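Examination of the molecular architecture
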Amino acid sequence: MPYLMALDQGTSSSRAVIFNERGEIVSSAQREFTQHFPQPGWVEHNPQEIWQSQLQTCREAIARAGVRTTDIAALGITNQRETTLLWDRKTGEPVFNAIVWQDRRTEVLCDALREAGLEAAVSSKTGLVIDPYFSATKVRWLLDQIPGVRQRAERGELAFGTVDSWLVWKLTGGRLHVTDVTNASRTMLFNIHTRTWDDELLAALGIPASLLPDVFPSSHIHGVTEPEWFGAPVRIAGIAGDQQAALFGQACFTRGQAKNTYGTGCFILMHTGESAAVSQNGLISTAACSVGAAPHYALEGSVFIGGAVVQWLRDGLKAISSSSDIESLAFSVPDAGGVVFVPSFTGLGAPYWVPTAQGAIVGLSRGTTVAHVARAALESIAFQSTSVLAAMQRDAVSPIGELRVDGGAAANNLLLQFQADLLGIPVVRPKVIESTALGAAYLAGLAVGLFGSEAELDAQRQVDRTFVPSISRDEAAQRMAQWEVAVEQAMLPARRAAGPA
Ligand SMILES: Nc1ncnc2c1ncn2[C@@H]1O[C@H](COP(=O)(O)OP(=O)(O)O)[C@@H](O)[C@H]1O
Ligand SMILES: O=P(O)(O)OC[C@H](O)CO
């Protein structure tokens, strides 16, 4: 029986999952790795630790599955996006740690790009906003700050890559320097319409084109792994950024289909079909995975604090001992007792974009208990996601019929019921909650002919539970209005600091 292996290289851990041809999980393995915070706002990973942790989890998953490497038809890679690496083409040695997507060290560079009037070009070509989140200014920082790097880059000695490129480079013993359209679309150097690196942006950022990997579709046979890693060569046949892979794994293949991944943050993506939508409401446009020749696109909104608010209750307030305990605590009260929690610990992301917003808990009374705060914390995840989806609806690309969900916090029934109540549409949790890994496996399986079409994958999809709205639209609107009032309060300190408008 043929199997597929997904390499899911995330921000806090590397995972490997073996799937059978029905898309069922046969085995998995996971390893956390070190987060480096050398200065406030800086986040780095050691590239060798990324590689080693990923390699070990693959070997563990293969051993646990009890399959032969030769039975693995192909592997697919999915990864934390935007995280930036530069390495030497001859020695394979990274010139510096990987600069992680969360890293804010390039804010000043971003200000300079805005002042240089690049916003319109960035938006129209890349679908993005100028922000340290994306790779381009991280590359520029490495060229400027690490001695000798610019000269080596100009001599063509160095390679740039997001984590997918780095893993392929390592897996193939330095034979391949490639990426896929979804990862390229997060660099702020890639034109998502022509699907080519953009000379104007490269020149504006002073980044030599010789650094860049070749860009391929997400479902594509790139080559094979070195036999030494898994005992026999395995075809590398899929690459996608993790949020686009989750969209694909949730079988969101057409316009209007949307998913939300409830992890540390929440990433909401809606398929927009074969043309990129321009958001008027604080969302970004990005390449989605496509299998045929036509490009596919998605609108995306990121919520910075999702499941992390549950971690805060656990580690900061010590109100619960494990994340899953929040459900029974929140269920112990009939509602949040008027408490609204805005967990903007690191500012507010889409669709508000207020980097200096602070967290706020409003509506406290003498009768408030920790259970009310826990319930309000869970509700905050759904409120934030609803704001993003409402912005997507305002962009009017297509009505959203249902929301497909995955990620660690999607285990929480109370959260998902409240999400359905607020949105007024069904919220659907699949049986295989590992949508990201499944998406990478699907991409690889399609490339090697294990699957014939997206329709075949859609037919494999199995639902664990559908949450249907149980409150009136008026009540939902009232709850959202309370939320927006609380958001205003969370933004007050930022507004005061900014002074009179
Ligand atoms: N039952 C639960 N209810 C609510 N949140 C949960 C639950 N289980 C896990 N979480 C939260 O989900 C997050 C982990 O999800 P995961 O998808 O593994 O995240 P990531 O990929 O970002 O590391 C954590 O923030 C954790 O607090
Ligand atoms: O590694 P994750 O799951 O936190 O995902 C990170 C995103 O890809 C960042 O854009």
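Predicted model only: the values in this text are computed from it and were never measured. (Residues numbered from 1 in each chain as written. Chains lettered and ligands numbered in written order. Predicted model: local features only at pLDDT ≥ 70, side-chain atom pairs only at ≥ 80, totals over all residues. Heavy atoms only, no water.)

**Focus on the packing of aromatic side chains**
Aromatic rings in a pair are described by how distant their centres are and how their planes are angled relative to each other. Per the counting criterion, the structure on display carries 16 aromatic pairs. An aromatic cluster is present here, built from Trp101, Tyr133, Phe134 and Phe267 joined pairwise through their rings. Geometry around Trp42 places Arg105 over its ring, the cationic atom sitting 3.7 Å from the centre. Taking NZ or CZ as reference, Arg105 lies 4.5 Å from the ring centre of Trp141, over its face. (Phe/Tyr/Trp six-rings, centres within 6.5 Å; stacked < 30°, edge-to-face > 60°. Lys NZ or Arg CZ within 6 Å of the ring centre and 35° of its normal.)

**What to know about the sheet that holds strand 3 (residues 25-32)**
Picture the strands of a sheet paired through backbone hydrogen bonds; they go either parallel or antiparallel. Judged by pairing direction, the sheet is mixed, and its 6 strands sit side by side in the order 3-2-1-5-14-13 without closing on themselves. A single partner strand is all that each edge strand has here, and the edge strands are strand 3 and strand 13 (219-224). Put simply, the sheet's adjacent strands are angled 20° from each other on average, direction ignored. Here strand 2 (residues 13-20) runs beside strand 3; their pairing, made up of 7 bridges, is antiparallel. Of the residues in strand 3, the one forming a bridge with Ser13 is Glu32. Relative to strand 14 (residues 235-241), helix 10 (residues 242-249) is tilted by about 105°, and along the sheet it contacts strand 5 (72-79) and strand 14. (Pairing = 2+ DSSP bridges. Helix = DSSP H or I, 4+ residues; strand = E, 2+ residues; numbered from the N terminus. Axes fitted to C-alpha atoms, helices over the stretch in contact; angles between N-to-C directions. Contact = heavy atoms within 4.5 Å.)

**Topic: the site of ligand 1**
Residues in contact with ligand 1 amount to 14 residues; listed here are only the nearest, Thr264, Gly307, Ser323, Gly408 and Asn412. A distance of 3.5 Å is found between an oxygen atom of ligand 1 and a backbone nitrogen or oxygen belonging to Ala308. In the model, an oxygen atom of ligand 1 is placed 2.8 Å from a nitrogen or oxygen of the Gly408 main chain. When ligand 1 sits alone it has 580 Å² of accessible area, and the protein chains cover 70% of it. Of the residues forming the shell around ligand 1, the biggest block, 3 residues, is contributed by helix 11 (residues 308-316). Of the residues assigned to the shell around ligand 1, the class counts are 4 nonpolar, 10 polar and no charged. (Near = heavy atom within 4 Å. Polar contact = N/O pair within 3.5 Å; in protein donor to acceptor, adjacent residues only side chain to side chain. Areas by Shrake-Rupley, 256 points an atom, 1.4 Å probe, with all protein chains shown as cover. Nonpolar A, V, L, I, M, F, W, Y, C, P; charged D, E, K, R; others polar.)

**With respect to the nonpolar core**
Counting 66 residues, the largest nonpolar core has Tyr262, Met392 and Leu403 as the members making the most contacts within it. With 13 residues, the top contributor of residues to this core is helix 13 (residues 370-394). By size, the runner-up hydrophobic cluster in this structure holds 48 residues, among which are Tyr133, Ala184, Leu247 and Cys252. (Core = buried A, V, L, I, M, F, W, Y, C linked by side-chain atoms within 4.5 Å. Buried < 20%, exposed > 50% of the residue type's maximum accessible area, 1.4 Å probe, protein only.)

**What to know about the site of ligand 2**
In the neighbourhood of ligand 2, the contacting residues comprise Gly10, Thr11, Gln80, Arg81, Glu82, Trp101, Tyr133, Asp242, Gln243 and Phe267. Side-chain polar atom of Arg81 to an oxygen atom of ligand 2: 3.0 Å apart, as the coordinates give it. Asp242 places a side-chain nitrogen or oxygen 2.5 Å from an oxygen atom of ligand 2. Coverage of ligand 2 by the protein amounts to 84% of the 310 Å² it exposes when considered alone. Class assignment of the residues belonging to the shell around ligand 2 gives a composition of 3 nonpolar, 4 polar and 3 charged.

**Re the packing of helix 2 (residues 107-115) against helix 4 (residues 136-145)**
The interhelical angle for the contact between helix 2 and helix 4, taken along N-to-C directions, is 110°, at an axis separation of 10 Å. Relative to helix 4, helix 2 is oriented roughly perpendicular. Handedness of the helix 2/helix 4 crossing: right-handed. Contact residues: helix 2 offers Leu109, Cys110 and Leu113, while helix 4 offers Thr137, Arg140 and Trp141. Here the contact of helix 2 with helix 4 is composed, by residue class, of 4 nonpolar, 1 polar and 1 charged. (Parallel < 35°, antiparallel > 145°, perpendicular 65-115°, else oblique. Left-handed = near helix turned anticlockwise from the far one by under 90°.)

**Section: the sheet that holds strand 15 (residues 258-262)**
Spatial strand order, 17-18-16-15-21-22-23: 7 strands in an open sheet with mixed pairing. Each edge of the sheet is formed by a strand with only one pairing partner; in this case those strands are strand 17 (284-288) and strand 23 (463-467). This sheet shows a mean twist of 30° between the axes of neighbouring strands, independent of strand direction.

**Here we look at the pattern of salt bridges**
Under the definition given, this model contains 30 salt bridges. Asp71 serves as the salt-bridge partner of Arg68, at 3.3 Å between the closest nitrogen and oxygen. One salt bridge in this structure joins Glu200 and Lys125, with 2.5 Å as the shortest N-O distance. Here Lys125 lies in helix 3 (residues 119-126) and Glu200 lies in helix 8 (residues 199-205), a separation of 75 residues in the sequence. Looking at Glu200, the relative accessible area reads 41%, which means it is partly exposed. A relative accessible area of 16% places Lys125 in the buried class. (Salt bridge = Lys/Arg side-chain N within 4 Å of Asp/Glu carboxyl O.)

**Some thoughts on the UniProt feature "domain: Carbohydrate kinase FGGY N-terminal" (unreviewed entry) in the chain**
Here, UniProt's "domain: Carbohydrate kinase FGGY N-terminal" (unreviewed entry) annotation points to residues 3-249. A helix fraction of 34% and a strand fraction of 27% characterise residues 3-249, whose end C-alpha atoms lie 16 Å from each other. (UniProt positions renumbered as here; feature names shortened; annotations may be inferred.)

**A few points about the UniProt feature "binding site: glycerol" (unreviewed entry) in the chain**
UniProt tags Arg81, Glu82, Tyr133, Asp242 and Gln243 as "binding site: glycerol" (unreviewed entry). Inspection of the secondary structure assignment puts Arg81 in the loop between strand 5 and strand 6 (85-88). In this structure Arg81 comes out as buried when scored by relative accessible area, which is 3%. Residues contacting Arg81, with those up to four places away along its chain left out, are Trp101, Tyr133, Asn183, Arg186, Gly241, Asp242, Gln243, Gln244, Phe267 and Glu300. A polar atom in the side chain of Arg81 sits 3.2 Å from the side chain of Gln244. With respect to the helices and strands, Asp242 occurs in helix 10. Asp242 sits in the buried class, given a relative accessible area of 12%. Each residue touching Asp242, except ones within four places of it in the same chain, is listed here: Thr78, Asn79, Gln80, Arg81 and Thr436.

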